[in-house]
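Residue-level structure breakdown
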Amino acid sequence: MTHTRADYPLAETRPGAVTGKHGKALPEITLDAVLAGEVTMEDLRITPQALQAQADVARDVGRPTLALNFERGAELVEVPQDFIMQVYELLRPGRAKSKEELLEAAATMRGTYQAERIARFIEEAAETYAARGLFTFRF
Amino acid sequence: MTPKLNRWKRFADWDERPLRLDKFAAEDPANGFSAFSSPADPKPGIGIKGGRVVSLDGVLEHDYDMIDRFIARHHIDPEVAPEAMALESATIARWLVDMNVPREKLVRLAHGMTPAKLAEVVSQLNALEIAFAYSKMRARKTPGNQAHVTNAKDDPLQLAADAATAVAFGFDEIETTMRVSRNAWSNAVACAVGGAVGRWGTLFQCSSEEAEELRIAMAGFTSYAETVSVYGTEKSFTDGDDTPWSKAFLAAAYASRGVKMRCTSGAGSELLMGFHEAKSLLYLEARCLCLQRGMGVQGTQNGGIDGAPLTATIPGGVRELMAENLIAVWLDLECASGNDARSTESEIRVGAKILPYLIAGSDLICSGMGSILKYDNSFNPSLINGEELEDYLVLQRDFEADGGLTPLPESRAIELRERAVEAIAAVFEELDLSSPTEDMKISVVYASGSDDTRSLMPRDVSFISEAIKERGITVIDVIKALAKRGFREEAENLLDVVKLRLSGDYLQTSAMIRDGRIVSAVNDPNDYLGPGSGYRVSEERRLQLNDIRDVLDQKEVLRSEALHEKDEARHIRYRNLGPATNGPANDDVVIGISPAFGLKLYRTTAGHRLSEVLGAMLDAIRARGLKARVVRFRHTADTSFLGLSAARLAGSGIGIGIQAKGTAVIHQRDRQPHNNLELFSNAPITKLEHYRALGANAAAYALGEMPEPIVVPQRGEAMGSRYHARVALIYAIETGLTEAGAAPEEVDVVLTGAKQ
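Predicted, not measured: the structure shown is a model, and the values here were computed from it. (Residues numbered from 1 in each chain as written. Chains lettered and ligands numbered in written order. Predicted model: local features only at pLDDT ≥ 70, side-chain atom pairs only at ≥ 80, totals over all residues. Heavy atoms only, no water.)

1. Regarding the nonpolar core
Formed by 191 residues in total, the largest nonpolar core has its most connected members in A:Met109, B:Leu96, B:Phe221, B:Trp330 and B:Val478. Broken down by element, the residue count for this core peaks at nine residues, all from helix H19 (residues 410-430) of chain B. B:Phe221 has contacts with B:Trp185, B:Ala188, B:Val189, B:Ala192, B:Phe204, B:Ile216, B:Ile468, B:Ile473, B:Thr474, B:Val475 and B:Val478, leaving out every residue within four places of it along the chain. B:Ile572, B:Val630, B:Ile656 and B:Val712 belong to the second largest nonpolar core, which has 38 residues in total. (Core = buried A, V, L, I, M, F, W, Y, C linked by side-chain atoms within 4.5 Å. Buried < 20%, exposed > 50% of the residue type's maximum accessible area, 1.4 Å probe, protein only. Helix = DSSP H or I, 4+ residues; strand = E, 2+ residues; numbered from the N terminus. Contact = heavy atoms within 4.5 Å.)

2. With respect to the environment of B:Thr243
Mapped onto the fold, B:Thr243 is located in the loop between helix H11 (234-239) and helix H12 (244-256). A relative accessible area of 0% places B:Thr243 in the buried class. Placed 488 residues apart in sequence, B:Thr243 and B:Tyr731 show a C-alpha to C-alpha distance of 68 Å. Those residues in contact with B:Thr243 that lie beyond four places of it in its chain are A:Leu91, A:Pro93, A:Tyr129, A:Leu134, B:Met66 and B:Phe237. Of note is the side chain of B:Thr243, whose polar atom sits 3.0 Å from the backbone nitrogen of B:Trp245. (Polar contact = N/O pair within 3.5 Å; in protein donor to acceptor, adjacent residues only side chain to side chain.)

3. Focus on the sheet that holds strand S16 (residues 627-632) of chain B
In any sheet, the strands associate via hydrogen bonds between backbone groups, in a parallel or an antiparallel arrangement. Residues and elements named next belong to chain B. Ordered in space as S14-S20-S16-S15-S17-S18-S19, the seven strands form an open sheet in which the pairing is mixed. Each end of this open sheet is capped by a strand with a single partner; those strands are strand S14 (572-579) and strand S19 (678-680). Strand-to-strand twist across the sheet, computed as the mean angle between neighbouring axes with direction ignored, equals 30°. Where S14 meets strand S20 (residues 745-751), six bridges bridge the pair, whose relative direction is antiparallel. From the neighbouring strand, Arg-573 faces S20, where its bridge partner is Val-750. (Pairing = 2+ DSSP bridges. Axes fitted to C-alpha atoms, helices over the stretch in contact; angles between N-to-C directions.)

4. Quick word on a nonpolar patch on the surface
A contiguous nonpolar surface patch, about 360 Å² in accessible area, is contributed by B:Trp8, B:Phe11 and B:Trp14. With respect to the secondary-structure elements, B:Phe11 resides in helix H1 (residues 9-15). (Patch = residues over 30% accessible without salt bridge, like charges linked within 9 Å, V, L, I, M, F, W, Y side chains within 5 Å. Areas by Shrake-Rupley, 256 points an atom, 1.4 Å probe, with all protein chains shown as cover. Salt bridge = Lys/Arg side-chain N within 4 Å of Asp/Glu carboxyl O.)

5. Quick word on the interface of chain B and chain A
Listed as interface residues are 68 residues of chain B and, on the opposing side, 64 residues of chain A. Between chain B and chain A, a total of about 5600 Å² is buried, with carbon and sulfur atoms accounting for 60% of that surface. Taken as a group, B:Phe249, B:Arg257 and B:Leu502 account for 15% of the area that chain B buries against chain A, more than any other trio of residues on that side. Summed over the shared surface of chain B and chain A, the result is 10 salt bridges. Close ionic contact of A:Arg92 with B:Asp241 constitutes a salt bridge, the shortest N to O distance being 3.9 Å. Our count for the contact surface shared by chain B and chain A stands at 29 residue pairs in polar contact (both at pLDDT 80 or more). Those elements giving two or more residues to the side of chain B that touches chain A turn out to be helix H2 (66-75), helix H10 (210-218), H11, H12, helix H14 (281-295), helix H22 (475-484), helix H23 (488-503) and strand S13 (517-519) of chain B. Classifying every residue of the side of chain B that touches chain A gives 30 nonpolar, 18 polar and 20 charged. (Buried area = accessible area lost by both parts, 1.4 Å probe. Nonpolar A, V, L, I, M, F, W, Y, C, P; charged D, E, K, R; others polar.)

In short, geometric facts, not functional conclusions.
Right, dumping it as structure tokens:
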């Protein structure tokens, strides 16, 4: 389903439908549950579904670029932190020595994590960096 | 003979003013010193072919630099661009200040506008129009504010206490940073715990190295990030060690972790970094802002930021800062509108800088305000700091403008600081990180700044911080520790903040938490369409804003007078002798006292006992061998009429009129009421010796002499601001006792106290 501004804020309109990565819904995440050891950091992580819902809302209120960022974010939810930081590092100036290094990262995003938008985004960066000479050696 | 000097002394006076510490730079576009326009700025223009932006502000696609390319691909909406770019800039400028043109229409057009076009439009507005347009165009209706919470020792106890105080003042966000970068984890835990005291919902960020900041967010301690900087020239961007793509990737990464973020940009950064391309500050910032919208971040922190002090040295620089904030909100970005780095040593320039934002409102008026003292601010002093925070509270009250803060009673502040210090100490003990002593804790609770504390030092903090990081302590561990040690409310509050990231509601534009609920541009959109619409201060909120400390009312004045009543009873007795008569002999001077004089009011505004004042005047008159009588008037409380009526009763035709607050006049029987002989209007600085001299001069006039008038020297004190509220209340007590046609009463005055 596509969400609209009427569904916002999700935590108020449908708290039961807002869940963490392990499926625990908002009302279940109580202090007592935390104290009983039933809540981990993974239960406090946003899901791709929630980000897609926020993307829908953003689009509905006329913010298409914000929506796209949420959708790129949704693709990164499952990507491990280390790989995210590795790709971020690679996107910084002069880190990748050639276009291929970035294209390889894009391929992993696409192949391993089904992160199609992210992959295209990295490919676009690769093309731009090549055009602007960003693969030059930095001391 | 007075020697001729080489300069007008006024300039020497001016040299001593704080303003002269500010330096000013000449306009010099070729070297990047121009606020609004430079010959190197491109003319607005766009080429679109087959839905593709093939030229942007005069640059053809194959010549695009990284920034052009990103803006062309991700910001410009090719559907809107032809229409928006074809409109006259003057027309759009008028729409920005036309309350009948809705915000949505202008936001849609901005999607199709290039940086040069946006800059050209806002350049046409004067400062007042920019402020008005800002008020109309900002995304969220309700204004908010952000605080800096840092200290010179990275002391976590003080951070917790200061975070709790900032939360209580009503800041919607708090931002910390460190003196020593490895102390980031300790700062994060301390502010997270302190920020959970009192209420929940204050968002928190720990400004540190990009990767570290994201890790701290992942551990659940922080809820937003804002130091993701972007720049308006390619070389500045790469020197900043990023590209639009790396920063946009980071933006998506923050979203994927459910953490709110905004970018940072602002005039002067390219100039400071040496790659300004001779372009104007506004044009470069317009590029930054188009980039940010293209990246899909919900908001920006702009308005100079670190470049604000440099921008303020340039002609029109402060107006430029306002203009770039306007472009941000016009592009539908949340705007944390600068007003942070202190751009001047002049308090007048500080007040002038903040006012347009205070009255226009802003998502976050300061980004942020120093809630701590200047020397404790690890970002650098803010425009407004702990020292001046009360001035800001008063400005809110003056203009009935909601600057996001609420006055905080001192007793409540102490209570919260104690609670916060105990809470963080408990967490540290529970997690075996540190055991702060009682002395440390107490020194922090009552400290205004870190100079006053005997607490943890940066090196101690490093051990704590490294341990938090290495042991992988998360917010869950902290929540558990709080609850275990009896800080259940704080544990709940902290959990509530972390839970925000599940729904991602607070990732939407301009989101903050008020009274436990999300308030953003989605569910609280700015709907300004003229008077009566948009954000209005409710009556309830107005009363909160009004509630600053030490407010006088009549009850308060009477209470303080009552304290002096007994004291005066020991020094003077007034005995009513019946209706006053005209003095038969010309050696008779009358002192006319006001209705409440010595009966309800006992001291002048300078604090002199009325018994002493009266005694000094009587003595001085009698010293010249004249008779002095005291007459109480009840038909008037006005000094001039008191004096004139006294003069008319006096055999000599000379009278003194004096009010209980100490204002006095020497009058002569045949003069117009307000054309007296001498007036002593500055009661707060009128001393006993002046009253004695006044009596002597009255006697001199009675003897037909022409004395030197008494001049009460004043040094330009703002007498009105210090005394007028009290004076008006006191005077109302006097006028309340008047009675039309009441006859003057002869009063026998017996001074029983020690003579001065």
